[in-house]
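One letter stands for each residue in the lines below.
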Amino acid sequence: MPDSSPARRTHAHSRPAGMGNRLRHPFRRGADSTVSHADHVVVRLSGDITAKNARDVGARLRQALRAPPRVLEVDLAQVPYLSPDGGAAFFMALLEARPHGTRLIVTHASTQARATLNQLGLPRALDLYEGDCPDTT
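Residues numbered from 1 in each chain as written. Predicted model: local features only at pLDDT ≥ 70, side-chain atom pairs only at ≥ 80, totals over all residues. Heavy atoms only, no water.

Asker: Would you explain the environment of Val41 in this entry?
Answerer: Tracing the backbone through its elements, the reader meets Val41 in strand β2 (residues 40-46). Using a relative accessible area of 5% as the deciding quantity, one classes Val41 as buried. Put simply, Val41 and Glu73 are 32 residues apart on the chain and 6.1 Å apart in space, counted from C-alpha to C-alpha. (Helix = DSSP H or I, 4+ residues; strand = E, 2+ residues; numbered from the N terminus. Buried < 20%, exposed > 50% of the residue type's maximum accessible area, 1.4 Å probe, protein only.)

Asker: Would you take a moment to explain the pairing of β2 for this structure?
Answerer: Two faces, one strand: in a regular strand the side chains alternate between the faces of the sheet. In terms of residue burial, β2 counts as a mostly covered element, since five of its seven residues are buried. Running through helix α1 (residues 54-64), the crossover from β2 to the neighbouring parallel element strand β3 (residues 71-78) is right-handed. (Right-handed = clockwise from strand over helix to strand, strands pointing away.)

Asker: It is not clear to me how the pairing of β3 should be interpreted in this structure. Could you clarify?
Answerer: In terms of burial, β3 is largely enclosed, as six of its eight residues are buried. Alignment of β2 against β3, held across six bridges, turns out to be parallel. Bridge pairing in β3 places His40 opposite Val71. Alignment of β3 against strand β4 (residues 103-107), held across five bridges, turns out to be parallel. Pairing of Val71 across the sheet is with Arg103, part of β4. Between β3 and its parallel partner β4, the chain crosses via helix α2 (residues 88-97), and the hand of that crossover is right-handed. (Pairing = 2+ DSSP bridges.)

Asker: Is there a simple way to think about the side chain of His40 in this case?
Answerer: Relative to the helices and strands, His40 is located in strand β2. At 2.8 Å, the side chain of His40 and the side chain of Glu73 are in polar contact. (Polar contact = N/O pair within 3.5 Å; in protein donor to acceptor, adjacent residues only side chain to side chain.)

Asker: I'm lost on the packing of α1 against α2 in this one. Help?
Answerer: Working note: a packed helix pair is described by the angle between its axes plus the distance between those axes. For the pair α1 and α2, interaxial distance at closest approach is 8 Å and the crossing angle is 25 degrees. In terms of their interaxial angle, α1 and α2 are classed as roughly parallel. Note on packing geometry: the crossing formed by α1 with α2 is right-handed. Facing α1, whose interface residues are Ala54, Arg55, Val57, Gly58, Leu61 and Arg62, α2 presents Ala89, Met92, Ala93 and Glu96. Split by residue class, the contact of α1 with α2 holds six nonpolar, one polar and three charged. (Axes fitted to C-alpha atoms, helices over the stretch in contact; angles between N-to-C directions. Parallel < 35°, antiparallel > 145°, perpendicular 65-115°, else oblique. Left-handed = near helix turned anticlockwise from the far one by under 90°. Contact = heavy atoms within 4.5 Å. Nonpolar A, V, L, I, M, F, W, Y, C, P; charged D, E, K, R; others polar.)

Written out as structure tokens, the structure reads:
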């Protein structure tokens, strides 16, 4: 029988949504970040993108488009899973980007994420790369 003494029990600590097991250093940029360089904005997403958080991810992408850049790059290097419902976030971003002529680029997309984006027909409206994006100048 397993030892259930108080010293052996694991403690469930409550964390804010989206926080992993690692502590964040105040000067270290988290996996979810936005980097802006004049006309090229990079949004780095992390974690699964599903129906549960698609609206929040879409709002974050639209926020990056407030002062419309020439290019919005969405880095999926830290996104292990993209559901078809989560793909709605990209439709929201496209609706905001199109009137301004902003080019939407998705980089570091896993095989699974690329398959989902292809299933949704999004490569017709955005550029999709397995690795880094090419020079956008």
